[in-house]
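Architecture at a glance
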Amino acid sequence: MVVALPETEPQVASILKVCHAMQVPVVPRGAGTGLSGGALPSGHGVLLGMAKFNRILAIDARARLARVQPGVRNAAISEAAAPLGLYYAPDPSSQIACTIGGNLAENSGGVHCLKYGLTVHNVLRLRGYTVEGEPVQFGSEALDSPGFDLLALAIGSEGMLAVTVEASVRLVPKPHTARVIMASFDDVETAGNAVADVIAAGIIPAGLEMMDKPATHAVEEFVHAGYDLDAAAILLCESDGTSEEVEEEIGRMKAVLSASGATQLRVSGNESERVRFWAGRKAAFPAVGRISPDYYCMDGTIPRKRLGEILRFIAEMELKYGLRCPNVFHAGDGNLHPLILFDANDPGQLQRTESFAAEVLEKCVAVGGTITGEHGVGIEKINQMCVQFGSAELEAFMQVKRAFDPSMLLNPGKNVPTLHRCAEYGRMHVRGGQLPFADLPRF
Amino acid sequence: MSRRPQAVEPSSVAHLREAVRSAASGRTPLRLRGSGSKDFYGGMPLGEQLDTRAHSGVIGYDPTELVLTARCGTRLAEIEALLAERGQMLAFEPPHFGPDATLGGCVASGLSGPRRASNGLYFGAVRDHMLGCRILDGNGQILSFGGEVMKNVAGYDVSRLMAGAMGTLGVILEVSLKVLPRPAAEATLRFSATEQEALDRLNEWGGKPLPVSASAWRDGVLHVRLEGAAAAVESALRALGGELVNEMAARAFWIGVREQTDAFFAGDRMLWRASLPSVAQRLELPGEQFIEWGGALRWLRSDAEPERVRAAVRRAGGHATAFRSADRARPFEPLEPVQEVLHRRLKAVFDPLGILNPGRLHPDW
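Residues numbered from 1 in each chain as written. Chains lettered and ligands numbered in written order. Predicted model: local features only at pLDDT ≥ 70, side-chain atom pairs only at ≥ 80, totals over all residues. Heavy atoms only, no water.

**Side note on the overall build of chain A**
Selection rule: The numbering of helices and of strands both runs from the N terminus, where a helix is a DSSP run of H or I of at least 4 residues and a strand a run of E of at least 2. Radius of gyration: C-alpha atoms only; globule rule: 2.2 Å multiplied by the number of residues to the exponent 0.38. We call two residues in contact when some of their heavy atoms are within 4.5 Å. In these tables, accessible area is a Shrake-Rupley quantity obtained with a 1.4 Å probe, and a residue counts as shielded only by the protein chains included in the view. The charge count treats Lys and Arg as positive and Asp and Glu as negative. His and the chain ends do not count. Think of each charge as sitting on NZ of Lys, CZ of Arg, CG of Asp or CD of Glu.
When its secondary structure is counted, chain A shows 15 helices and 17 strands. The C-alpha atoms of chain A give 22 Å as radius of gyration, which agrees with the globular expectation for 443 residues (22 Å, within 12%). In terms of principal-axis extent, the alpha carbons of chain A reach across some 65 × 55 × 45 Å. Counted over contacts in chain A with a minimum sequence separation of 6, partners at least 24 positions apart contribute 70%. Surface exposure of chain A reaches about 15,700 Å², of which carbon and sulfur atoms provide 53%. The averaged location of the 50 negative side-chain charges in chain A is 3 Å from the averaged location of its 39 positive side-chain charges.

**Digging into the environment of threonine 64 of chain B**
Here threonine 64 of chain B shows up in the loop between strand S3 (58-62) and strand S4 (67-71). Residues threonine 64 of chain B and arginine 86 of chain B, spaced 22 residues apart in sequence, show a C-alpha to C-alpha distance of 9.8 Å.

**Quick notes on the packing of helix H11 (residues 307-321) of chain A against helix H12 (residues 349-366) of chain A**
All names here are of chain A. Note the cut-off: Note on geometry: axes are C-alpha line fits, over the in-contact stretch for helices, and angles between N-to-C directions span 0 to 180 degrees. Put simply, angles under 35 degrees are roughly parallel, angles over 145 are roughly antiparallel, angles from 65 to 115 are roughly perpendicular, and the rest are oblique. Left-handed is the label given to a crossing in which the near helix is rotated counterclockwise from the far helix by less than a right angle, and right-handed is the label when the rotation is clockwise.
At a closest axis distance of 10 Å, the pairing of H11 and H12 adopts a crossing angle of 160°. By the angle between their axes, H11 is roughly antiparallel relative to H12. Both H11 and H12 take part in a crossing whose hand is right-handed. Contacts between H11 and H12 pair Glu309, Ile310, Phe313, Ile314, Met317, Glu318, Lys320 and Tyr321 from the former with Arg352, Ser355, Phe356, Glu359, Val360, Lys363 and Cys364 from the latter.

**A few points about the interface of chain A and chain B**
Interfaces are often sized by the amount of accessible area the parts lose when they come together. Heads up, the rule is: Buried area: the accessible surface (1.4 Å probe) lost by two parts on joining, summed over both. Put simply, a salt bridge is a Lys or Arg side-chain nitrogen that is within 4 Å of an Asp or Glu carboxyl oxygen.
Residue-level contacts link 94 residues of chain A with 78 residues of chain B. Between chain A and chain B, the buried area comes to about 7,000 Å², and carbon and sulfur atoms account for 60% of it. For chain A, the biggest contributors to the area lost against chain B are Arg62, Leu143 and Phe148 of chain A; these three give 12% of the whole. In this assembly, chain A and chain B are joined by seven salt bridges.

**Concerning the side chain of aspartate 39 of chain B**
Residues and elements named next belong to chain B. Using the following cut-off: Only protein chains enter the accessibility calculation, which uses a 1.4 Å probe; a residue is then buried when its area is under 20% of its type maximum, exposed when over 50%, and partly exposed in between.
Structurally, the position occupied by aspartate 39 is in the loop between strand S1 (30-33) and strand S2 (48-51). With relative accessibility at 19%, the residue aspartate 39 sits in the buried group. Residues contacting aspartate 39, with those up to four places away along its chain left out, are Arg31, Arg33, Pro45, Arg328 and Arg360.

**Things to note about the packing of helix H6 (residues 188-200) of chain A against helix H8 (residues 243-259) of chain A**
Residue and element names in this part refer to chain A. Note the following rule: Just so you know the grouping, Ala, Val, Leu, Ile, Met, Phe, Trp, Tyr, Cys and Pro go in nonpolar, Asp, Glu, Lys and Arg go in charged, and all remaining residues, Gly too, go in polar.
For the pair H6 and H8, interaxial distance at closest approach is 9 Å and the crossing angle is 140°. On the basis of their axis angle, the class for H6 and H8 is oblique. The element H6 and its partner H8 pack so that their crossing is right-handed. Taken together, the residues of H8 that come into contact with H6 (itself represented by Ala194, Asp197 and Val198) are Met253, Val256 and Leu257. Broken down by class, the residue content of the contact of H6 with H8 amounts to five nonpolar, no polar and one charged.

**Details of the sheet that holds strand S1 (residues 2-4) of chain A**
Residues and elements named next belong to chain A. Operational definition: In short, DSSP must find at least two bridges between two strands for them to pair.
Pairing in this open sheet of three strands is parallel, and the strands run S1-S3-S2 from one edge to the other. The strands lining the two open edges of the sheet, one partner per strand, are S1 and strand S2 (26-29). Within the sheet, the average angular offset between the axes of one strand and its neighbour, ignoring direction, is 25°. As paired elements, S2 and strand S3 (residues 46-49) share four bridges and run parallel to each other. Along S3, the bridge assignment pairs arginine 29 with glycine 49. Across the sheet, helix H1 (residues 9-22) lies against S1, S2 and S3, angled at about 165° from S3, the strand it touches most.

**As for helix H10 (residues 284-291) of chain A**
Residues and elements named next belong to chain A. Put simply, the rule reads: By construction, the arc corresponds to the directions joining the helix axis to the C-beta atoms.
Taken as a whole, H10 has its buried residues at Ala284, Phe285, Ala287 and Val288. Buried positions in H10, seen along its axis, are confined to an arc of 160° and lie on one side of it. Taken together, the buried residues of H10 touch strand S12 (207-212), helix H7 (213-223), helix H9 (271-282), strand S15 (294-297), strand S16 (327-330) and strand S17 (335-342).

**What about the domain arrangement of chain A?**
Residue and element names in this part refer to chain A. Counted only if it meets this: Domain ranges listed in this record stem from an automatic or a database domain assignment.
Once the domains are mapped, chain A shows domain 1 (2-173), domain 2 (177-285) and domain 3 (292-376). Using only C-alpha atoms to locate each centre, domain 2 and domain 3 end up separated by 22 Å. Taken over both partners, the interface formed by domain 2 and domain 3 buries close to 1,300 Å², and the fraction arising from carbon and sulfur atoms is 64%. Looking only at domain 2, the three residues that lose the most surface to domain 3 are Glu189, Met210 and Phe285, adding up to 42% of its buried area.

**Some points on a nonpolar patch on the surface**
Residue and element names in this part refer to chain A. To keep it simple, the criterion reads: A patch consists of residues exposed above 30% relative accessible area that lack any salt bridge, with like charges linked at up to 9 Å and nonpolar side chains (Val, Leu, Ile, Met, Phe, Trp, Tyr) linked at up to 5 Å.
A cluster of nonpolar side chains, namely Met1, Val3 and Leu5, defines an oily patch on the protein surface of about 300 Å² accessible area. Structurally, leucine 5 is set in the loop between S1 and H1. Judged by its relative accessible area of 47%, leucine 5 is partly exposed.

**Concerning empty space enclosed by the protein**
Residues and elements named next belong to chain B. Applied cut-off: Buriedness for pockets is judged along seven lines, at least five of which must meet protein on both sides within 12 Å for an open set on the 1 Å grid over protein atoms alone, while cavities are sets there where a 1.4 Å probe fits but cannot get out, and lining residues have an atom within 4 Å of a point. Grid points are joined across faces, edges and corners, and a volume is the space filled by probe spheres set on the points.
Scanning the entire structure with this criterion turns up eight cavities of 30 Å³ or more. Empty space within the largest cavity amounts to approximately 340 Å³. Lining the largest cavity are 24 residues, and of these Leu32, Gly34, Gly104, Gly105 and Ala108 lie nearest its centre. When residues of the lining of the largest cavity are traced back to their parent elements, those giving at least two are S1, helix H3 (103-109) and strand S8 (171-178). By residue number, the principal contributor to the lining of the largest cavity is H3, which donates five residues. For the lining of the largest cavity, the per-class residue count stands at eight nonpolar, twelve polar and four charged.

**Looking at the environment of histidine 121 of chain A**
Quick reminder of the rule: We call two N or O atoms a polar contact when they sit within 3.5 Å, provided that within protein one can donate a hydrogen and the other can accept it, with sequence-adjacent residues counted only if both atoms are side-chain atoms.
In this fold, histidine 121 of chain A is placed in the loop between helix H4 (113-116) and strand S7 (123-129). Considering only alpha carbons, one finds histidine 121 of chain A and valine 169 of chain A, 48 residues apart in sequence, at a separation of 9.4 Å. Sequence-distant contacts of histidine 121 of chain A, that is, excluding residues within four places in its chain, are made with Arg170 of chain A together with Phe123, Asp128 and Arg160 of chain B. A polar contact of 2.9 Å, which involves the side chain of histidine 121 of chain A, links it to the backbone oxygen of aspartate 128 of chain B.

**Here we look at helix H2 (residues 76-85) of chain B**
Residue and element names in this part refer to chain B. All of the buried residues in H2 are Leu76, Ile79 and Leu83. Summarising the axial view, the buried residues of H2 lie within an arc of 65°, below the 170-degree limit, and thus occupy one face. Lining the buried residues of H2 we find S3, S4, strand S5 (88-89) and H3. Count one or two residues on from H2 and you reach glycine 87, which has phi positive near 70°.

Rendered as structure tokens:
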């Protein structure tokens with residue numbers, strides 16, 4: 001394996017050209033904070049570290065956009081735009097460390113994406129290089145571009161279609177103020193139903209998060225966020241906007257949450273309290289890291305109304321595998337992050353954890369959801385792709401990949417499993433004989 | 001959606017599938033069509049007509065999930081009425097361009113209305129609200145992408161790719177869209193402003209936390225629509241000044257903009273659509289202009305040479321489309337060579353025989 005750390009665009013182009021000529025795989029990598037092994041190096045290829053592409057090239061206040069290199073940290077964009085009253089909306093919990101290049105590769109979300117969108121909704125343009133080292137641009141600084149929407153296709157493509165060297169991202173006006181309600185529930189399903197009631201009331205909160213009791217306990221010890229430790233679940237519901245607007249919306253949300261069975265409501269009294277309430281949620285992963293030698297984070301998304309069913313299923317799996325599993329949940333958009341606690345030094349626990357996770361993800365698919373909401377497939381969930389998609393779709397994905405990268409050199413082996421791999425996983429789905437040349441002997 | 005068992009597949013699917021398969025075996029080009037409300041748009045429709053309207057109906061709508069799934073032939077008006085009953089809407093405010101416009105055509109054309117460049121929650125085009133779709137590819141194979149959940153990064157985002165592809169990548173069978181609650185309050189303001197003043201104000205307001213959800217400038221008059229919580233609309237009304245337009249007139253005005261029934265769009269003179277950065281200077285081209293989307297969309301009635309219009313818009317950082325034109329040969333901005341290669345290869349993935357809507361998006365395929 002060779003690690004290349006280019007500093008200039010011609011270097012990126014040359015590396016790609018040389019690798020293409022020699023038919024050597026190239027794996028682009030940002031800060032390495034990803035949770036699905038999407039940037040895992042290839043043993044027989046070049047690791048293209050983009051860390052030196054770390055400059056914010058321009059902040060254009062009038063056009064409300066930032067031109068940034070891929071190695072810029074997510075939070076650094078908002079910090080740079082703050083004096084102008086603007087910020088970059090997607091805020092994955094790892095935002096102090098993760099880079100925008102990785103966010104583009106995974107179409108990252110965050111705790112505010114119900115209202116402000118995912119990465120794909122907040123990026124106007126990508127500029128980069130094809131696997132052959134040719135310059136290419138997707139999107140533009142206008143709101144649309146001629147032809148197919150290759151920008152949408154490139155975002156979330158896990159670095160498999162092209163290498164990004166620059167992005168134009170939208171900056172949005174910072175709301176005047178924000179307040180968050182912390183609502184306690186004595187039952188997790190009641191909390192889930194309360195989320196549906198808030199939406200049914202016509203409210204789209206700026207953030208809408210749930211944590212169960214094991215998660216709040218882990219967090220409280222770590223950051224002292226002031227969470228209600230007696231509650232079976234807490235919801236964090238944020239409102240932002242003008243102070244009158246926030247006042248009005250907080251009032252409406254409190255009424256809905258009370259009617260939905262909240263046992264206690266607390267509203268952040270000032271900005272530092274609001275930040276503290278969120279700090280607990282954003283620190284959930286490290287907090288869980290303190291109470292268990294190892295943990296494994298899942299990322300399934302489900303239609304919200306199936307929450308109770310999924311949580312009951314997870315409880316059954318805790319018994320079946322003898323492992324604990326606290327839950328944090330982007331409740332507004334149905335994205336679950338159950339965290340399985342285990343000890344890798346105990347023989348068999350890792351394997352049990354992986355089986356536990358696989359069953360949960362497959363259950364997410366069964367209830368009409370997906371195996372990954374925002375962390376990506378990478379290498380980690382590649383087997384579950386065989387559960388979510390039929391062979392015809394997997395074949396189409398493979399061909400999309402080939403349209404950009406005919407020799408399959410960019411970040412090979414991620415995101416889309418070969419049909420061979422699905423067969424070995426025992427999940428080769430052939431619907432109605434739809435496999436092309438279904439009668440040919442294979443594998 | 002991909003794994004959701006389709007308990008009973010309606011016969012309309014079998015019909016569409018048979019039509020595509022038979023066209024594939026005979027290499028016959030197919031012209032996909034709903035009500036024909038967007039026949040005027042893009043390259044001249046060619047081939048044997050495949051009417052998608054029989055494949056209609058809303059399959060799923062759960063207001064608390066903010067997701068609606070419907071078949072391609074469903075009338076947009078029907079979908080919007082259903083959403084309105086529950087206080088929700090398609091936030092991208094799609095133009096219908098005809099009473100019977102269908103969901104399939106809405107997604108295939110990828111066109112969005114005045115709210116597309118809204119500040120905040122309602123921002124976004126059709127593609128931004130696409131959650132999943134089921135398509136028939138050019139081999140008559142059914143493929144499902146995305147799903148019915150808000151966040152989904154499994155596999156490539158092929159469903160958004162269908163928005164604006166003009167039906168050249170597949171017959172869109174079903175679509176799942178994110179829907180949003182209708183704003184609690186709405187108000188429209190009117191200002192006198194030169195073109196430059198309007199562009200300056202719109203770009204300034206775009207950077208402020210104001211609930212601006214639509215804008216339109218023409219002939220010295222700027223209209224701005226505010227939508228959001230009552231308190232937010234009220235405080236914006238105080239902050240912006242201007243003249244309040246009465247509710248009925250405002251509704252009619254924005255429908256006129258969306259549907260291009262406003263007087264600006266009347267007549268047969270060539271209509272250009274210029275999509276460019278909102279901060280682009282005024283276009284120095286002969287003819288009349290109508291500005292939307294905070295400056296990012298400019299309609300031009302002009303008899304100027306097409307290449308002159310395209311070059312001016314390109315210089316401004318955007319692209320021009322001959323939106324309503326007698327000449328249908330090359331309505332869209334030509335692609336860069338690298339893009340051209342990627343487009344051809346993607347087209348070959350989904351429609352290797354080139355039978356779906358040839359010429360509608362690209363003159364060669």
